[in-house]
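Okay, here's what each chain looks like letter by letter:
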Amino acid sequence: MAEAIISAYDRFIIESAAQYLQTVVLIDDRIYESKSGSVASRLTTPPEVHRKAALKRRAATTVEKKKESTENIDDETPDEVSFHDVQNSFAKKRIICSLYQPKKRATFGKQSDVYNLCSTADVVIVDWDLHGDSGDKATTLVGSLVEQSQIEVPQQLRLVLIYTLEANLGSVAHKIYVDLVKRLSKDQVESRSEGLVLTTDNARVVVLGKHEYTTLTQFSGYCVPESDLATRTIREFSRLASGLLQGIVLRGVAKLRENNRRILTRFHKDLDIAFLTHRALVLPDEAFGQIIPLLTDELRAVLEDTLGESPLGKASAVTGILDDWCDNKWKLRGDAKLKIGNGAVGSEFVKDVLCNGPAFKTDYSQFRGSKITGLVKKSGNGSPEWDEKNCNKHNLAEYLSGDCGVDHCHERLGSLMSQRIRYGNSRRTLHLGVIVKELADKKRYMLCLQPVCDSVRMASKDRAFVFCFLDKATDDKLPTHCVMDERGNLIQLRYKPKVSNISVSNFKGNDDVVYANKDAKGRFVFKGAGEKDYEYEWIAELKTEHAQRAAEQFGRELSRVGLTESEWLRIKAK
């Protein structure tokens, strides 16, 4: 069978997944009994009465049995799985494949050894018919792993492959689907590709056949020989993170793994005494909090050195990836306001802009009705740049986005670039850059402008905190900040650093800082220490640089100098 041609875009995603993957666990009950490629030193053939129904093809004659006994044990028979080939396929991809044969009485629930082994692996591959149970143990293991990834550790990607000799792959997938729906809900489990692919928010379960042949032709695309299992595993995992930015993130995590010694060396054990002395000279809890920014700086340095200025590769590779993206992902939006001219091809224009910016390769003035050339002007050195006065970048951005089918994608990217994300239920503290919302009164949004030094070392005393009110963005008042709240709702806010927008509220310190407490509705709430005990819900937190910019803008407003001058001269100066 000829191998399908992979586009540059898909190749980038698959290579990113290959760089990220490190560990695979394969669960099978016949690893040390298989005649071909066994990892055991002494090979035995199980009695015929104990063989799985799926393996019984035809009764062997006496002559054939004698012939089998004289053949080399490495010769592969069609009803056996070569675990040696499986391990080799992963070894070629630099991925560790651990083979595990559970005992017949082993359990597969959340408290079992099998589950503990699989819970931390990047990929789990499990045989369907374990010790002749018709898939009961495999179903329990798959359901437990998916449930864990959905409820206990929702930030972890999970890929589980069922690798079976069963002819009817659809019946295998259906049994797993029914179990997952019972554990989660029908809305949380999606069935695709003839029912052989089951997905949740962060998990993917795929049913694969162990050989290339099948009597059910609709499943032929899911039958994979042992030597190709690693390649198929990487492709299936790449579908868990199939975006361009997601591919870059996978490469970044892989680079951090590769440079762990470099990072650890920077925090050598000889520095312990210096750090403990530093901790003794300041507040102990404050010193431990300073480790995180130190570590993030090192992680950033590694990523900058290893990924480089272009994580997508050289210019030619970037062009190929973007070309493929435009051909396969981009769709023209019917109500786009930007006019590129009659006869101009939308996808070609998008490729031109994404690859070259304002330095177009095509002269769009040749197309009637084109509004493109007016967007660009010559800079001081003669190179093209966007004309900020005449270029309506909102219309240009709208056109480039096309019919992407994603609501508020630009606002979500704006949130990602400016908002500091809090994972899990870590405690929320009140300091510079935190956005809160009044739970009473006018329920206004407020940005904390309290200097960092005045947000700590409070020693259970009351302290006044400074806030600036934030307006909800409207069509007339465009947002300056886009943030996501705890429930994933996008909030567009407008910051106006004026003295008239200032509010001051008192809070009492707890362990030297102001902590938010979780209420019955799951909200993080700060309680004021004033006479009315106002309450404020924690909404989001700006990244340090964005919070500092907001404080600087307000400080600039406060530092304005009022004076008497000639009105005629003031107008002239404008």
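Look up a bit, the structure's there.
Residues numbered from 1 in each chain as written. Predicted model: local features only at pLDDT ≥ 70, side-chain atom pairs only at ≥ 80, totals over all residues. Heavy atoms only, no water.

### Regarding the nonpolar core
Core analysis: the largest hydrophobic core is formed by 63 residues, its most contacted members being F90, I125, V126, I176 and F237. Per element, the largest residue contribution to this core is six residues, and it comes from helix α6 (residues 169–183). Apart from residues no more than four positions distant in its own chain, V126 is found in contact with I27, A138, L141, V142, V160, L161, I162 and Y163. (Core = buried A, V, L, I, M, F, W, Y, C linked by side-chain atoms within 4.5 Å. Buried < 20%, exposed > 50% of the residue type's maximum accessible area, 1.4 Å probe, protein only. Helix = DSSP H or I, 4+ residues; strand = E, 2+ residues; numbered from the N terminus. Contact = heavy atoms within 4.5 Å.)

### Topic: the pattern of salt bridges
Enumeration according to the criterion identifies 29 salt bridges in this entry. With a shortest N-O distance of 2.9 Å, E236 and R232 are connected by a salt bridge. Taken together, the residues E236 and R232, both in helix α7 (residues 229–238) and four residues apart, mark about one turn of the helix. Judged on exposure class, the residue E236 and its partner R232 are both buried. Between D485 and R487 there is a salt bridge, and its shortest N-O distance comes to 4.0 Å. Using a relative accessible area of 51% as the deciding quantity, one classes R487 as exposed. (Salt bridge = Lys/Arg side-chain N within 4 Å of Asp/Glu carboxyl O.)

### What about the pairing of strand β15 (residues 502–508)?
Only one face of β15 is covered, namely the one carrying S503, S505 and F507; the face carrying I502, V504, N506 and K508 has none of its residues buried. Bridging between strand β12 (residues 462–472) and β15 involves seven bridges; their strand directions are antiparallel. Across the sheet, F467 pairs through a bridge with S503, a residue of β15. (Pairing = 2+ DSSP bridges.)

### Examining the packing of aromatic side chains
The tally for this structure, following the rule as stated, stands at twelve aromatic pairs. Residues F465 and F507 carry aromatic rings whose centres are separated by 5.6 Å and whose planes lie at 85 degrees to one another, so their mutual orientation is edge-to-face. Of the two residues, F465 sits in strand β12 while F507 sits in strand β15, which places them 42 residues apart along the sequence. Taken together through their ring pairs, the aromatic side chains of W330, F349, F360, Y364, F367, W386 and Y399 make up a single cluster. Directly above the ring of Y20 sits R257, whose terminal nitrogen or CZ lies 4.5 Å from the centroid. Between the NZ or CZ atom of R428 and the centre of the ring of F524, over which it lies, the distance is 4.2 Å. (Phe/Tyr/Trp six-rings, centres within 6.5 Å; stacked < 30°, edge-to-face > 60°. Lys NZ or Arg CZ within 6 Å of the ring centre and 35° of its normal.)

Fair warning: the whole summary comes from geometry, so function is off the table for now.
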